[in-house]
Amino acid sequence: MKRKLSLLLCLLMILTMFTSCAKEQGTSTGATGGDVIKIGVFEPLTGENGGGGLQELDGIKYANKMYPEVLGKKIELVIVDNKSDKGEATTAVTRLIEKDKGAAIIGSYGSGVSIAAGDIIKNAKIPAMGASCTNPMVTQGNEYYFRACFLDPFQGKVMANYALGKGAKTAAVIMQNGDDYSVGLGNFFIDAFKELTGDENSIIDVSEFQVNDTDFNAILTNIKAKNPDVIFAPSSATTAPLVIKQARALGIESLIMGGDTWENPAVIDVAGKDAEGIVISTFFDENDPATEEAKIFVEGYKKELAGKEPIIPAVAALGYDAYLLVRDAIERAGTTDGEAIRDALNNTENFEGVTGIINFTEEGDADKNIAVIKTVKGGQFVYIDTVEVK
């Protein structure tokens, strides 16, 4: 009797181990086996760009809520914080590929961390979709990296055009040294402004600050003495309100402008009344939905945001689009093979996203030439215009 019980217990233990192993194998792979397909997400949830990263992630998560399956299987988001740091970004992406076995990757808010992760993505042959990383270097020479947003050369030209339209003849530019987004966009603005004015001397000051700097009085005092018509200061939502407040405290009356990263409640919360009148470029406005998908998104996401934010952040819309583009490619590929998904992304044709109709260029960039201009009025971001620049 004891021998029979021992034999039965052994058989039960073997069966339990086999079942557990089978379940683990079934859910840990991004391939078409098992009952789950994993999509990795690396975003800055902390650090300098944490505010924007969280907004973008919320859009991705909402898209997953609305479209939770592909190829008849549940999509599981595996989310890793890159902490707004290039080194952490490479670690995060390595984990998503090697440990979590993601079929594809979405991210990241912040061009610098996206560029840092690029070679790992390329070598692993796992397709990645950037939502709002605007620097051209993100996708250059990388056949596995795509993006849903417009690029900084375009954004710089949009803001230079706007400045000229307001009668500006001179400009000062403030950039963060070593930050790919800030330096890239700043220089694209400089090039566009000089070209549009036809005056090589129209940029009367270019200043750089270091990461984590909080005192900009020396830079701004120098700029005040030169009295530019506009100040263009592409930077994070953490830095922006400090530059704005300190400029106004010094009595600088120039029009202050920033890029897409400035569309964050933190800019208004910290800068307060000094934020009034600033001008930014961005990707989307809820009052001007371009597609049917956009109308559905706006109606549903406004309810999702109830009590959290007064307007839908453009990067949330882009996060939503990035998820939908990856999901659509997996569906059309009929598999989670990386090369097949890449090919499906390349063959994307007139995809109806929230931020417009999306096709990809040979570099993997969304073919977009429309931007939204906003200002701050009454303590809120307010739509000014939708502009097209070719």
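This one's a predicted model, so the numbers in the text were calculated from it and none came from an experiment.

1. Comments concerning the sheet that holds strand E1 (residues 36-43)
Working definition: the strands of a sheet are paired by backbone hydrogen bonds and lie parallel or antiparallel to each other.
And step 1. Ordered in space as E2-E3-E1-E4-E5-E6, the six strands form an open sheet in which the pairing is mixed. Two strands lie at the open edges of the sheet, namely strand E2 (69-70) and strand E6 (145-147), each paired on one side alone.
And step 2. In terms of strand pairing, E2 meets strand E3 (residues 73-81) through two bridges, oriented antiparallel. In the sheet register, Glu 69 faces E3, and the bridge partner there is Lys 74.
And step 3. Each of E1, E3 and strand E4 (104-106) touches helix H2 (residues 50-66); the most contacted strand, E3, lies at about 170° to it.

2. Structural notes on the side chain of Asp 81
And step 1. In this fold, Asp 81 is placed in strand E3.
And step 2. Among the polar contacts listed, one links the side chain of Asp 81 to the backbone nitrogen of Leu 45, at a separation of 2.9 Å.
And step 3. Side chain to side chain, Asp 81 and Thr 46 meet in a polar contact 2.7 Å long.
And step 4. Sequence-distant contacts of Asp 81, defined by excluding residues within four places in its chain, comprise Glu 43, Pro 44, Leu 45 and Thr 46.

3. A look at the confidence of the model for the chain
And step 1. In the predicted model, the chain carries a mean pLDDT of 92, and the fraction of residues at 70 or more is 92%.
And step 2. Low pLDDT, under 50, characterises residues 1-32; the stretch is placed with 22 contacts to residues that sit more than four places away or in other chains.

4. Brief notes about the sheet that holds strand E8 (residues 203-209)
And step 1. The strand order E8-E7-E9-E10-E11-E14-E15 describes an open sheet built from seven strands, whose pairing is mixed. Each of the sheet's edge strands pairs with one partner strand only, and the pair in question is E8 and strand E15 (380-388). Sheet twist, expressed as the mean angle between neighbouring strand axes with direction ignored, is 25°.
And step 2. Relative to strand E10 (residues 255-258), strand E9 (residues 230-232) runs parallel, the two being bridged by three bridges. Paired with Val 230 across the bridge in E10 is Leu 255.
And step 3. Taken strand by strand, helix H5 (residues 152-165) contacts E9, E10, strand E11 (279-282), strand E14 (370-377) and E15, and its axis lies near 55° from that of E14.

5. Observations regarding the packing of aromatic side chains
The geometry of an aromatic ring pair is captured by the separation of the ring centres together with the interplanar angle, meaning the angle of the planes.
And step 1. In this structure the tally under the stated criterion is twelve aromatic pairs.
And step 2. An angle of 55° between the planes, with centres 5.1 Å apart, marks the rings of Tyr 62 and Tyr 301 as tilted. One end of the pair, Tyr 62, is in helix H2; the other, Tyr 301, is in helix H10 (residues 292-304), and 239 residues separate them in sequence.
And step 3. Here Tyr 301 falls in the buried class, since its relative accessible area comes to 2%.

6. Examining the pattern of salt bridges
And step 1. Counted by the stated rule, this structure contains 17 salt bridges.
And step 2. Among the salt bridges present, the one from Lys 99 reaches Asp 100, with a minimum N-O distance of 3.9 Å.
And step 3. Several salt bridges share partner residues, and in doing so they unite Arg 95, Lys 99 and Asp 100 into one network.

7. Digging into unusual backbone geometry
And step 1. Across the junction of Gly 107 and Ser 108, the peptide omega takes the value 5°, indicating a cis bond.
And step 2. Mapped onto the fold, Ser 108 is located in the loop between E4 and helix H4 (111-124).
And step 3. In this structure, Ser 84 is a non-glycine residue whose phi angle is positive, near 60°.
And step 4. Structurally, Ser 84 can be placed in the loop between E3 and helix H3 (86-98).

Definitions and limits used
- Residues numbered from 1 in each chain as written.
- Predicted model: local features only at pLDDT ≥ 70, side-chain atom pairs only at ≥ 80, totals over all residues.
- Heavy atoms only, no water.
- Pairing = 2+ DSSP bridges.
- Helix = DSSP H or I, 4+ residues; strand = E, 2+ residues; numbered from the N terminus.
- Contact = heavy atoms within 4.5 Å.
- Axes fitted to C-alpha atoms, helices over the stretch in contact; angles between N-to-C directions.
- Polar contact = N/O pair within 3.5 Å; in protein donor to acceptor, adjacent residues only side chain to side chain.
- pLDDT = per-residue confidence, 0-100.
- Phe/Tyr/Trp six-rings, centres within 6.5 Å; stacked < 30°, edge-to-face > 60°.
- Buried < 20%, exposed > 50% of the residue type's maximum accessible area, 1.4 Å probe, protein only.
- Salt bridge = Lys/Arg side-chain N within 4 Å of Asp/Glu carboxyl O.

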